[in-house]
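Architecture and fold: a report
Here's the letter readout for the chains.
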Amino acid sequence: MDHKVQPAGTKSQLQMGSLVENGIAPDFEEESLCSPRQAAPKMQANHIAEYGTASAGLQSIGSNSWGYIVYKSIKIVVFSSKLNWLMLFGPLAILIHLLTHHNGWVFFLSLLGIIPLAERLGFATEQLSFFTGPTVGGLLNATFGNATELIIAIHAMTNGMIRIVQLSLLGSILSNMLLVLGCAFFFGGLAFYGKEQVFNKASAVVDSGLLLMAVMGLLFPAVLHYTHTEVHYGKSEMALSRFSSCVMLLVYAAYLFYQLKSQSKAYLPLNEEEPENGEGLDHDDEKPEISQVETVDDEKPEISQVESVVWLAVLTAWISVLSDYLVDAIDGASRALNIPIAFIGVILLPIVGNAAEHASAIMFAMKDKLDISLGVAIGSSTQISMFGIPFCVVIGWMIGQPIDLNFQLFETATLFITVLVVAFFLQEGTSNYFKGLMLILCYVIVAASFFVHEDSTSKDGKELKP
């Protein structure tokens, strides 16, 4: 009598219980008893765990061959973006170099050919971050986002173009802090017009402190050189640069440990949606598993982990090839196009190298994820200043190239003022479209300054390429 009137859910549980009594245990019992919202992350995590590797990928496509996997991967990476048609300019630049040796066209076409490669490099890194988790993924985005600039710098250094190395790395810092961050503030402010976006001020203060330390490392060798107060002329400046570079690399290693261990939630997007009253904290044990394979918007990776690694290797190799032609054509392009080499190194090269950061920072800002935008823009500037520049000094020391931290007085002063301006904009922890517009216009002033700036190395008798 008690079972005449029963809810539908109770009836289904009784039927399931009868199945268990008969020795039939359905696999979906646990998932069916939980809410759809709880079941979805479990299904997604199991999906990634099952299809994240190449061997599991073969099981997922059944009888399909490796050819289909390659075709699908190429379709997603190469043909999914309208910007990728610029990839055709890369082979065209090599062909023109072999046939005509016209440095102006080789430089221009190589520049255009690297733009989509830098953007696709960011895409492959983003796909890999689905499998590595948010903390490592954030560091991977900053590292491979700067891969283009580092590759160009290494090619220039091996060719003896020390000044191009310094100018391109300096320009990358300026571009990230003023142009990329400014565009993120501007477009994010327009997307949320009338509302001030907020970000983690404590993390921004740490990055600003590292940038000021980098300015200190670049400022003292320049001051030592221009005040003529070296104990041993030339040697003291180089010794100070190499010692400071080793200290900066040590600080950057400590910074990585700080981010990965002490501040492991700095890149965790789920924090943005955690309740302020502390509810739901009983499920913390499940978060690391889910956060490695999904984002706040429940996005799924488009390619597998193995495919992401392969594409990173392929894109990095192709960028390296084009960078070789680009660097070789810089000197001739400067004369052919009547553009100062300082403008090419500080403005043109970094804009190409920062294509991936530029696009992703704007995209995250327009989704009101300003902490990620700052991680992309300021994080990349921090990595170049505290790792990229000291790394090139140490590598130059090892291969016999006399690269130091004396970036000349005009360039060092520009960096110092830029860091102060950006630190002032970040101190409130809020942003709007007007702050972004001011940062963009500051970058326009910097670009105009380098367009009319004559590089002082010509007066010192130093050659860009021996």
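Residues numbered from 1 in each chain as written. Predicted model: local features only at pLDDT ≥ 70, side-chain atom pairs only at ≥ 80, totals over all residues. Heavy atoms only, no water.

Where an unreviewed UniProt entry is consulted, the protein chain appears under the name Vacuolar cation/proton exchanger, with the organism given as Erythroxylum novogranatense. Under the UniProt heading Sequence similarities (unreviewed entry), the entry covering the protein chain gives this text: "Belongs to the Ca(2+):cation antiporter (CaCA) (TC 2.A.19) family. Cation/proton exchanger (CAX) subfamily." Database annotation for the protein chain, UniProt heading Subcellular location (unreviewed entry): "Vacuole membrane". (UniProt positions renumbered as here; feature names shortened; annotations may be inferred.)

Thoughts on the packing of aromatic side chains
Scanning the model with the defined rule gives 11 aromatic pairs in all. Both rings, one in Phe-185 and one in Phe-199, keep their centres 6.2 Å apart while their planes meet at 20 degrees; by these two values the pair is stacked. A residue pair is termed long-range when its members are at least 10 positions apart, and Phe-185 in helix α10 (residues 162-191) and Phe-199 in the loop between β1 (197-198) and α11 (201-226) qualify at 14 residues. Judged by relative accessible area, which is 8%, Phe-199 ranks as buried. Taken together through their ring pairs, the aromatic side chains of Tyr-252, Tyr-255, Phe-387 and Phe-391 make up a single cluster. The ring of Phe-123 carries Arg-120 above its face, with NZ or CZ at 4.3 Å from the centroid. (Phe/Tyr/Trp six-rings, centres within 6.5 Å; stacked < 30°, edge-to-face > 60°. Helix = DSSP H or I, 4+ residues; strand = E, 2+ residues; numbered from the N terminus. Buried < 20%, exposed > 50% of the residue type's maximum accessible area, 1.4 Å probe, protein only. Lys NZ or Arg CZ within 6 Å of the ring centre and 35° of its normal.)

A word on the nonpolar core
Core analysis: the largest hydrophobic core is formed by 101 residues, its most contacted members being Phe-107, Leu-181, Leu-374, Leu-415 and Leu-426. Ranked by the residues each element gives to this core, the list is headed by α10, at 17 residues. (Core = buried A, V, L, I, M, F, W, Y, C linked by side-chain atoms within 4.5 Å.)

Comments concerning the packing of helix α7 (residues 103-132) against helix α15 (residues 341-353)
Geometry of a packed helix pair, given as the angle between the helix axes and the separation of the axes. Running from amino to carboxyl end, α7 crosses α15 at an angle of 40 degrees, the nearest separation of the two axes being 8 Å. Put simply, α7 runs oblique to α15. Residue-level inspection shows Phe-107, Leu-111, Ile-114, Ile-115 and Ala-118 of α7 in contact with α15, the latter providing Ile-344, Leu-348, Leu-349, Val-352 and Gly-353. For the contact of α7 with α15, the per-class residue count stands at 9 nonpolar, 1 polar and no charged. (Axes fitted to C-alpha atoms, helices over the stretch in contact; angles between N-to-C directions. Parallel < 35°, antiparallel > 145°, perpendicular 65-115°, else oblique. Contact = heavy atoms within 4.5 Å. Nonpolar A, V, L, I, M, F, W, Y, C, P; charged D, E, K, R; others polar.)

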